[in-house]
Amino acid sequence: MLSDYLRASEEMRQALAERDIGTVFELLNKRGGVSLRALGAAVGMTGSRVLEIVNGDRRVEKLEVFERIADALRVPGLQLGLAPRPWESHEQAPLESAGDRRTTLAASVADAGLPWSWELAPTVEAVYGITRSDLMLDRRSALRTMAVTVGMPLIDPVQRWLTGPDSFQPVRGRRMGRIGEVDVTRLESAARVFRNWDDSFGGGLARKAVIGQLNEVADMLRDSHPETIRKRLFHVMAVLAKIAATMSWDCGMPASAQKYYVLALQAAKPTGDRPFGASVLASMARQLLNMGGPRNRATDALELIRLAQDGSRDHGIARLTAMLHTREAWCYAELGRTEAFRRATGQAEDAFAHAGSTEEDPYWISYFDAAELAGVTGGRALDLARQDPRYASEAEASIERAIALRKAGSLRSAALDQSGLAQVHFLRGDVEQAVHVGHAAINAALRTQSDRVRASLRTLHATSTNLRHQPQVAELRERLHEALAS
């Protein structure tokens, strides 16, 4: 239950060393997403007893209780000032062999659908096998699997991104590869082209092309290469996997998207590019947030963002820091924590004020410009405005700023902005403006291939329901219906 990442944190180490079980439980609850009731069931206590310990009204003092907690949470005895626990020798033995390591890891993950592995050869084979299957699978078949993994089966293995070395282990390939620096440069250029396509239009038309290219790169990595070539190829693989994930999400394939995000994160780890890995985690969090639904998805997303912030804090990329704060603010908005939302939004604006030119930053974060900052902020204010009308004017101002600043080719973002602004106008009772902007949103949406845009149009359609008898609204709703049916 206690993840490697949380166990290794300074707060948890100190709490365990001091036998401060109240803090241990509190960290598991707030940082690990484990409910107090689940904690109680695991350690043989009632939920109310756990709450008393967290609040400091009761302390754990009996040796047998410390031992029970260590066994339930899989805390090594020495960390709690105990003798080594009987199970420790069994769990340490597999570390002698790479094959056994993979068995132990797989056994700790509840969802076998996610291809967890933090070693090079299994990662390459997973990318190669998944992309090969994907290329042979028609979209209708792929859509049958819609569920994504949430909770501890997602959060616990993801946290391994921040633990262990970021380095290449020796891997013997099928044969010596014939890829040179020039070839890798061409692959990197192709990845940028695909990324720009996705940013502009959405992934509907280019997803298979990206997956085909990703399959080819994985096949190259099955051969042996000099370390400099191999490192660059892994980075290309990570970038392409992230693009494939975003395009899959844009095509209404959330489970496939999450799988490719996992592959991107694992491919990025050995390159040592922590900032790029943080951007993958941010995308994983954004997918969970965009799905809506249970509040625990926002809690999971917040944990992913905190992990991304921890991993990228020392790299000094202000643009990335700002983006992560906007995702953090989104989590707080979903959780109804308005003060935390405002604080994180302010931190995003402060960080962005220190961002240099896009030429100084990695190209994959260049999309996060002033328009994107305003658009994301406005979208979250719109979410809050649905519950509290006081946020409507803030949402309107931010989204209008985003529209004014958007680059001409950013069709998907423009469609999302226009749809959001139309929803704000409906919430504020400005029907004429809502209809005018709504038609603009449809015009922009028809030029994209994005399921996210379609989802926003569906929300716009729902927002206008109460006014459906007004002729101009009825006309807008008819166009929305046609656009969604096409």
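Residues numbered from 1 in each chain as written. Predicted model: local features only at pLDDT ≥ 70, side-chain atom pairs only at ≥ 80, totals over all residues. Heavy atoms only, no water.

Student: Before we move on, could you go through the overall build of the chain and cite the residues and values that matter?
Tutor: Of regular secondary structure, the chain possesses 25 helices and zero strands. Burial analysis of the chain (486 residues in total) assigns 52% to the buried set. With the model as given, the accessible surface of the chain reaches about 22100 Å², and the carbon-plus-sulfur share is 50%. (Helix = DSSP H or I, 4+ residues; strand = E, 2+ residues; numbered from the N terminus. Buried < 20%, exposed > 50% of the residue type's maximum accessible area, 1.4 Å probe, protein only. Areas by Shrake-Rupley, 256 points an atom, 1.4 Å probe, with all protein chains shown as cover.)

Student: Requested: an account of the nonpolar core, with residues and values cited.
Tutor: Looking at soluble globular proteins, one finds that nonpolar side chains tend to be buried together. In terms of nonpolar packing, the biggest core is built from 91 residues, with Leu154, Val158, Met237, Leu281, Met284 and Leu304 touching the most fellow members. Judged by nonpolar contacts, the second largest core, of 25 residues, contains Leu382, Ala445, Val473 and Leu476. (Core = buried A, V, L, I, M, F, W, Y, C linked by side-chain atoms within 4.5 Å.)

Student: Which residues make up the confidence of the model for the chain, and what are the values?
Tutor: Model confidence for the chain is summarised by a mean pLDDT of 85, while 86% of its residues fall at 70 or above. Residue range residues 90–112 is modelled with pLDDT below 50. Its contacts to residues more than four positions away, or to other chains, number 21 contacts. (pLDDT = per-residue confidence, 0-100. Contact = heavy atoms within 4.5 Å.)

Student: Quick rundown of unusual backbone geometry? Include the residues and the values.
Tutor: The phi angle at arginine 19 is positive, at roughly 55°, despite the residue not being glycine. Turning to its location among the elements, arginine 19 is positioned in the loop between helix H2 (10–17) and helix H3 (21–30). Residue classification places arginine 19 among the partly exposed residues on the basis of a relative accessible area of 27%. Phi is positive for arginine 74, close to 55°, though the residue is something other than glycine. Using a relative accessible area of 32% as the deciding quantity, one classes arginine 74 as partly exposed.

Student: Help me get a handle on the pattern of salt bridges, residues and values and all.
Tutor: Evaluation of the coordinates by the stated rule reveals 22 salt bridges. Arginine 452 is the partner of aspartate 250 in a salt bridge, and the nearest nitrogen-oxygen pair spans 3.1 Å. Here aspartate 250 is found in helix H14 (residues 227–250), whereas its partner arginine 452 is found in helix H24 (residues 451–463), with 202 residues between them in sequence. For aspartate 250, a relative accessible area of 2% puts it in the buried group. Each of the salt bridges in this network shares a partner with another, and the network as a whole consists of Arg286, Glu372, Arg406 and Asp417. (Salt bridge = Lys/Arg side-chain N within 4 Å of Asp/Glu carboxyl O.)

Student: Go over the packing of helix H13 (residues 207–220) against H14 with me, naming the residues and quoting the values.
Tutor: The N-to-C vectors of H13 and H14 enclose an angle of 155°; their axes lie 9 Å apart at closest approach. Taken together, the axes of H13 and H14 are roughly antiparallel relative to one another. Note on packing geometry: the crossing formed by H13 with H14 is left-handed. On H14, the residues that touch Arg207, Val210, Ile211, Gln213, Leu214, Val217, Ala218 and Met220 of H13 are Leu233, Val236, Met237, Leu240, Ala241, Ile243, Ala244, Met247 and Ser248. (Axes fitted to C-alpha atoms, helices over the stretch in contact; angles between N-to-C directions. Parallel < 35°, antiparallel > 145°, perpendicular 65-115°, else oblique. Left-handed = near helix turned anticlockwise from the far one by under 90°.)

Student: Can you explain helix H19 (residues 338–353)? Please cite residues and give values.
Tutor: Between its terminal C-alpha atoms H19 stretches 23 Å, which fits the 22 Å expected from 16 residues at 1.5 Å a residue. Among the residues of H19, Ala340, Phe341, Ala344, Thr345, Ala348, Ala351 and Phe352 are the ones counted as buried. Looking straight down H19, one finds that the buried residues subtend no more than 135° of arc, so they occupy a single side. Residues of H19 that are exposed and point more than 90 degrees away from the buried face comprise Glu339, Asp350 and Ala353. As for H19, its buried residues are in contact with helix H18 (318–334), helix H20 (370–385) and helix H21 (392–405). (Expected span 1.5 Å × (residues − 1). Arc of directions from axis to C-beta.)

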